[in-house]
Amino acid sequence: MTATLRPVSIGLPRVRATTDARDRPDSPELVDRFGRVARDLRVSITEKCSLRCTYCMPAEGLPSIPRQRLLSADEIVRLVGIAVRDLGVREVRFTGGEPLMRRDLEETIGGCAAAVPGIPLSMTTNAVGLEHRARGLVDAGLTRVNISLDTVDRAHFAELTRRDRLPSVLAGIRAAARAGLAPVKVNAVLMPETLVGAADLLQWCLDAGVHLRFIEEMPLDADQAWDRDAMVDAQRLLEVLGERFELAAVGRDDPAAPAEEWLVGGGPATVGIIASVTRNFCADCDRTRLTAEGTVRSCLFSDAETDLRAALRSGATDTELADLWRGAMWTKWAGHGIDSAGFAPPQRSMGAIGG
Ligand code: SAM
Ligand code: SF4
């Protein structure tokens, strides 16, 4: 049997030991060459996942990262502390892979809550099993949650995620709301399959009192099957939702907020649309990312990463780690360039970066 080579791996980013920070202004914050300042930190804590969404993971899952290569809970707490105290980060979101796959999630969140009191600590999750952990996570210090759900049709869900776990996800959403994680936001990735059930999904979210946002699919799938011409865009979604709901544009409260909001049926409920591809918001991007292996990644689409874990484990001080992070941000790309002629998807897929 011949083995087929597929572009499916945890990814081989170009890890830099140093960064060229010439011309960088003497600012303690995470500034880049385009005048943006990063205040929103995404921390991926694992590559593992309980689902296999086709737009993200390969069917067999990502190759497992050996435990010693993952940041420990204490290392995450230390880096989050540096990001907030020394670099001006104002919001921290845990992601993955699936953050609920880590048993020390509560410990990690508790440590961060103690290290950076008053800073919102949120999580992006698929909600499988959240039903049993929502209360404990709130007690640890979790303040908000974004839950991924693309359809409320069980067969469609099983097809899209390659797992029949819709009941657990719906129970997780309800448990999150009961535990006081407000507002609960639901994210759906726009695909032809999502479009078919988009109005039902919106109705379910309206009934459950949770806020739904649709996201245009980006070329971040491990299978590299994304196709610009076949992509469902925000405009098409609006046409489909418009057949069942009266929608009125509200716009964005904050330019760095990726979602454009639409009032549903005269309000007060809204639905958000994140047009990451057709109306990208790179010019206002305020994100910095830490991968599960402890590299800083300034843009989803740039494989250049800066290794904080190696520095941290060889005894770097907080000041040295903060300087490395500032250097990484200084070289952040202007934008994702999906529509430019030479565009190539990054080595790492969404699940390996941390969305
Ligand atoms: N497992 C968690 C979840 O699904 O919410 C957290 C990790 S997941 C990678 C983070 C977010 O990325 C989810 O909202 C997911 O829908 C989104 N995502 C994954 N692949 C994507 C893609 N190709 N385009 C757009 N969003 C994507
Ligand atoms: Fe897992 Fe989230 Fe990726 Fe789906 S989007 S496969 S739930 S990491």
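Notes on the structure follow. (Residues numbered from 1 in each chain as written. Chains lettered and ligands numbered in written order. Predicted model: local features only at pLDDT ≥ 70, side-chain atom pairs only at ≥ 80, totals over all residues. Heavy atoms only, no water.)

Moving on to the overall build of the chain. The helix and strand inventory of the chain stands at 11 helices and 13 strands. What you see for the chain is a C-alpha radius of gyration of 20 Å, in line with the 20 Å of a compact globule of 355 residues. Overall, the C-alpha framework of the chain stretches about 55 × 50 × 50 Å when taken along its three principal axes. The proportion of buried residues among the 355 residues of the chain is 56%. By sequence separation, contacts in the chain at least 24 residues apart represent 74% of the contacts at least 6 residues apart. Carbon together with sulfur atoms contributes 51% to the accessible area of the chain, which is approximately 15100 Å² in total. (Helix = DSSP H or I, 4+ residues; strand = E, 2+ residues; numbered from the N terminus. Rg over C-alpha atoms; globule rule 2.2 N^0.38 Å. Buried < 20%, exposed > 50% of the residue type's maximum accessible area, 1.4 Å probe, protein only. Contact = heavy atoms within 4.5 Å. Areas by Shrake-Rupley, 256 points an atom, 1.4 Å probe, with all protein chains shown as cover.)

As a further point, take the site of ligand 1. By nearness alone, 18 residues border ligand 1, and Tyr55, Gly97, Glu98, Ser148 and Met218 come closest of all. Contact between ligand 1 and Gly97: a nitrogen atom at 3.0 Å from a main-chain N or O atom of the residue. Here Ser148 contributes a side-chain N or O atom positioned 2.5 Å from an oxygen atom of ligand 1. Mapped by element, the contributors of at least two residues to the shell around ligand 1 are strand E4 (121–125) and strand E6 (184–190). Each residue belonging to the shell around ligand 1 can be placed in one class, and the counts come to 6 nonpolar, 9 polar and 3 charged. (Near = heavy atom within 4 Å. Polar contact = N/O pair within 3.5 Å; in protein donor to acceptor, adjacent residues only side chain to side chain. Nonpolar A, V, L, I, M, F, W, Y, C, P; charged D, E, K, R; others polar.)

Tallied over the full model, the rule gives 0 disulfides. Summary of cysteine pairing: Cys285 is not part of a disulfide, and the nearest cysteine sulfur, belonging to Cys282, is at 6.7 Å. (Disulfide = S-S within 2.5 Å.)

With that out of the way, let us pick up the layout of surface pockets. By volume, the second largest pocket amounts to about 300 Å³. Around the second largest pocket sit Thr46, Lys48, Ile65, Arg67, Leu70, Leu71, Met101, Arg102, Arg103 and Asp104, which together line it. In the lining of the second largest pocket, the residues fall into 4 nonpolar, 1 polar and 5 charged. (1 Å grid on protein atoms, 1.4 Å probe; cavity = no way out; pocket = protein on both sides within 12 Å on 5 of 7 lines; lining within 4 Å. Points joined across faces, edges and corners; volume = space filled by probe spheres on them.)

This part is about the site of ligand 2. In the vicinity of ligand 2, the contacting residues are Cys49, Leu51, Cys53, Tyr55, Cys56, Met57, Gly97 and Asn126. Looking at the shell around ligand 2 residue by residue, the class counts come to 6 nonpolar, 2 polar and no charged.

On to the pairing of strand E10 (residues 270–274). Counting buried positions along E10 gives 5 out of 5 residues, so the element sits mostly inside the fold. Residue alternation in E10 divides its side chains into two sets, Thr270, Gly272 and Ile274 and Val271 and Ile273, and both sets are buried. Pairing between strand E7 (residues 211–216) and E10: 4 bridges, direction parallel. Pairing of Leu212 across the sheet is with Val271, part of E10. Where strand E9 (residues 260–264) lies against E10, 4 bridges are found, and the strand directions are antiparallel. Residue Glu261 lies in a different strand from E10, and its bridge partner there is Gly272. Turn length for the E9-E10 hairpin, with the two strands adjacent in sequence and antiparallel, is 5 residues, and the turn residue Gly265 shows positive phi of about 55 degrees. (Pairing = 2+ DSSP bridges.)

Between helix H1 (residues 73–87) and helix H2 (residues 105–115), the shortest axis-to-axis distance is 9 Å and the interhelical angle comes to 30 degrees. By the angle between their axes, H1 is roughly parallel relative to H2. Regarding H1 and H2, the two cross each other, and that crossing is right-handed. Packed against H1, whose contacting residues are Ala73, Ile76, Val77, Val80 and Arg85, the element H2 presents Glu107, Thr108, Gly111, Cys112 and Ala115 at the interface. Classifying every residue of the contact of H1 with H2 gives 6 nonpolar, 2 polar and 2 charged. (Axes fitted to C-alpha atoms, helices over the stretch in contact; angles between N-to-C directions. Parallel < 35°, antiparallel > 145°, perpendicular 65-115°, else oblique. Left-handed = near helix turned anticlockwise from the far one by under 90°.)

It is worth spelling out the nonpolar core at this point. For soluble globular proteins, nonpolar side chains are generally found buried alongside one another. If you look at the biggest cluster of nonpolar residues, it comprises 93 residues, and the most contacted ones within it are Val92, Ile173, Phe214 and Trp325. Judged by nonpolar contacts, the second largest core, of 10 residues, contains Trp226, Met231, Ile338 and Ile353. (Core = buried A, V, L, I, M, F, W, Y, C linked by side-chain atoms within 4.5 Å.)

Unoccupied space between atoms shows up once a probe the size of one water molecule is rolled over them. One pass over the full model with this rule turns up 2 cavities of 30 Å³ or more. Of the volumes computed, that of the second largest cavity is approximately 30 Å³. If you trace the second largest cavity, you find it lined by Ala234, Leu238, Glu260, Trp262, Ile273, Ala275 and Arg279. Secondary structure elements with two or more residues in the lining of the second largest cavity: helix H8 (234–242) and E9. Among the residues making up the lining of the second largest cavity, the classes are represented as 5 nonpolar, no polar and 2 charged.

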